[in-house]
Amino acid sequence: MTRETRPGPGGRYDGGENGSGVYGGGAYGSGPDGGDRYDVVIVGGGPAGLSAALMLGRARRSVLVLDAGEPRNAPASHMHGFISRDGAVPGDLLAAGRREVAGYGVEVRTGRVRSAVRDGELFAVADDAGRTVRARRLLVTTGFTDELPDVPGLAQRWGRDVLHCPYCHGWEVRDEPIGVLATGPMSVHQALLFRQWTDRLTLLLHTGPRPTSEEYEQLAARGIAVVPGEVTGVEVADDRLAGVRLDTGELVPLRALTVAPRAVPSAATAAFLDSLGLAPTEHPSGMGSYLAAGPAGLTDVPGVWVAGNAADLTANVLGSAASGSAAAGAINGDLVAEDTRRAVRARKDPFSAASEARVCELVAGDRRHGL
Ligand SMILES: Cc1cc2nc3c(=O)[nH]c(=O)nc-3n(C[C@H](O)[C@H](O)[C@H](O)COP(=O)(O)OP(=O)(O)OC[C@H]3O[C@@H](n4cnc5c(N)ncnc54)[C@H](O)[C@@H]3O)c2cc1C
């Protein structure tokens, strides 16, 4: 029997305190404290979370996206490298995503998740407004926060002319004088990479390690200037980067400055991950920390998947969306397997609560009423 009589797509998980819960597209149920229940709660509504929500909504799963509303690329005015969306305003992409998922019954709420803990067969997910919802499966797509080098004036230019990713912004600053602020072991690599976009490149040694003699040779061969000394400030004129000031007082004129931020979860997100038993792993490159996961984002915590930048520090918008989509397929497959196990159990036990509910559904359908 199909469920064509149900109004609209989606629908909520019907609970099943004793393992009798059945099927996406099922009826609404309230937990002991009145909290809502869903097949899947997605924590984070960026490209990864919304792509997953689209797949799961279309799979007739009941889905709630809880989003704190601070996507990583918010400081940038435009987004590049996403085929068919190149140059889009980042917020427009997310607004379109929210509209699309709403069409499949997915709920998106603004809120910051502060904890998620196992509660029997479900997860209890609490947000900072004190509201708790329950979910059969969790997808974590919280991205990360960019910890920027501590240089006066630098944070104010982040995403404008203080940049990190040549594929996101390199074209926009091509042929301009660009500085690479060295703060870690990847700085020479970053300089050699940005050389693809300009031949007016300066590696500012700042607090980074001295290049090796082999690296010096590579930099010289590619015509990259190397400037010793610490950068003490960012100079701006007419709302554009004019250069950086060195501790000697010298100004190095620049139109863009590239940095290597450290990826870290925000303090609030770190507390949420901790409550769930998800421990970030330090990336060997020194780029920051991420949530290690297996194929399609399955973590070591049963029932919990991860996608997007939270799992892959280098993922761009397209890659993050793709990983959210892949995780959603895996989650739905896992729920299908569970639904099937439950259906077989119910079929073998004709007097179980689940069987009674199923018979009631078959006999009365939407015309049923009562308690
Ligand atoms: C300045 C800048 C420019 C960029 N430009 C480009 C570009 O041009 N092209 C490109 O492809 N990529 C670009 N990127 C990379 C891009 O931002 C990421 O690839 C992408 O945002 C990752 O998507 P995500 O869904 O994993 O995470 P995010 O987009 O960061 O979304 C995560 C969401 O989860 C929310 N969240 C976090 N913790 C919680 C919590 N506890 N509870 C509820 N919600 C929570 C956050 O508020 C956020 O809304 C840029 C990055 C930066 C920093």
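It should be emphasised that the depicted structure is a prediction, and the values quoted were computed from it without experimental measurement. (Residues numbered from 1 in each chain as written. Predicted model: local features only at pLDDT ≥ 70, side-chain atom pairs only at ≥ 80, totals over all residues.)

Draft legend 1. Main features of the nonpolar core. Residues Val41, Ala52, Ala53 and Leu139 are the most contacted members of the largest nonpolar core, which totals 55 residues. Here this core gets seven residues from one element, more than from any other, and that element is helix H1 (residues 47–58). Once you skip the residues sitting within four places of it in the chain, alanine 52 turns out to touch Ile42, Leu139, Thr141, Ala307, Gly324, Ser325, Ala327 and Ala328. Membership of the second largest hydrophobic core comes to 25 residues, among which are Val180, Leu204, Ile224 and Ala260. (Core = buried A, V, L, I, M, F, W, Y, C linked by C-beta atoms within 7 Å. Buried ≥ 20, exposed ≤ 12 C-beta atoms within 10 Å, placed from the backbone. Helix = DSSP H or I, 4+ residues; strand = E, 2+ residues; numbered from the N terminus. Contact = placed C-beta atoms within 7 Å.)

Draft legend 2. Summary view of the sheet that holds strand E8 (residues 162–163). One open sheet holds the five strands; their spatial order is E8-E15-E9-E10-E11, and the pairing between them is parallel. Of all the strands in the sheet, the pair left with one neighbour each is E8 and strand E11 (225–227). Both strand E9 (residues 178–181) and strand E15 (residues 256–258) contribute to a ladder of three bridges, which runs parallel. Across the sheet, the residue bridging to valine 180 is threonine 258, located in E15. (Pairing = 2+ DSSP bridges.)

Draft legend 3. Examining the pairing of strand E1 (residues 37–43) more closely. Among the seven residues in E1, seven count as buried, and that is most of the element. The sheet contact formed by E1 and strand E6 (residues 132–140) spans six bridges and is parallel. Pairing of isoleucine 42 across the sheet is with leucine 139, part of E6. Judged from the four bridges that link them, E1 and strand E2 (residues 63–67) form a sheet pairing that is parallel. Directly across from valine 43, in E2, lies its bridge partner leucine 66. Traced from E1 through H1 to E2, the parallel crossover comes out right-handed. (Right-handed = clockwise from strand over helix to strand, strands pointing away.)

Draft legend 4. Summary view of the pairing of strand E4 (residues 113–119). Bridge analysis of E4 against strand E5 (residues 122–127) gives six bridges, and the strand direction is antiparallel. Paired with arginine 118 across the bridge in E5 is phenylalanine 123.

Draft legend 5. Structural view of the site of the ligand. Of all residues adjacent to the ligand, which total 41 residues, the nearest are Gly44, Gly46, Gly143, Gly308 and Asn316. Secondary structure elements with two or more residues in the shell around the ligand: H1, E2, helix H6 (267–276) and helix H7 (317–348). When its residues are assigned to classes, the shell around the ligand shows 19 nonpolar, 17 polar and five charged. Composition of the shell around the ligand by domain shows at least three residues from each of domain 1 (37–146 + 263–348) and domain 2 (149–260). (Near = placed C-beta within 6 Å. Nonpolar A, V, L, I, M, F, W, Y, C, P; charged D, E, K, R; others polar. Domains from an automatic or database assignment.)

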